[in-house]
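These are the residues of each chain, in order.
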Amino acid sequence: MGATATNKQQKNYSTVLRKLDRGIDDMKAGRELPLKEAFQEITELRNTRRKETSPKG
């Protein structure tokens, strides 16, 4: 595995840890969504990301 792949994995790992930390902070502060709203927001974010990453044609 090359240095570039290792750097990318480290960056992805750091990003995941930051997101987990933010999620934990939100939970401690009481900023949580009801389950149905949370899944709706996840669906919207996924759809947006798919549109942004889909090949232009």
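The structure we're discussing is the one just above.
Residues numbered from 1 in each chain as written. Predicted model: local features only at pLDDT ≥ 70, side-chain atom pairs only at ≥ 80, totals over all residues. Heavy atoms only, no water.

Caption draft 1: Region of the structure containing the layout of surface pockets. Estimates place the volume of the largest pocket at around 470 Å³. K19, L20, R22, G23 and D26 are the residues nearest the centre of the largest pocket, which is lined by 13 residues in total. Looking at the lining of the largest pocket residue by residue, the class counts come to four nonpolar, three polar and six charged. Taken as a whole, the second largest pocket holds about 300 Å³ of empty space. No other element matches the six residues that helix α2 (residues 35–53) contributes to the lining of the second largest pocket. (1 Å grid on protein atoms, 1.4 Å probe; cavity = no way out; pocket = protein on both sides within 12 Å on 5 of 7 lines; lining within 4 Å. Points joined across faces, edges and corners; volume = space filled by probe spheres on them. Nonpolar A, V, L, I, M, F, W, Y, C, P; charged D, E, K, R; others polar. Helix = DSSP H or I, 4+ residues; strand = E, 2+ residues; numbered from the N terminus.)

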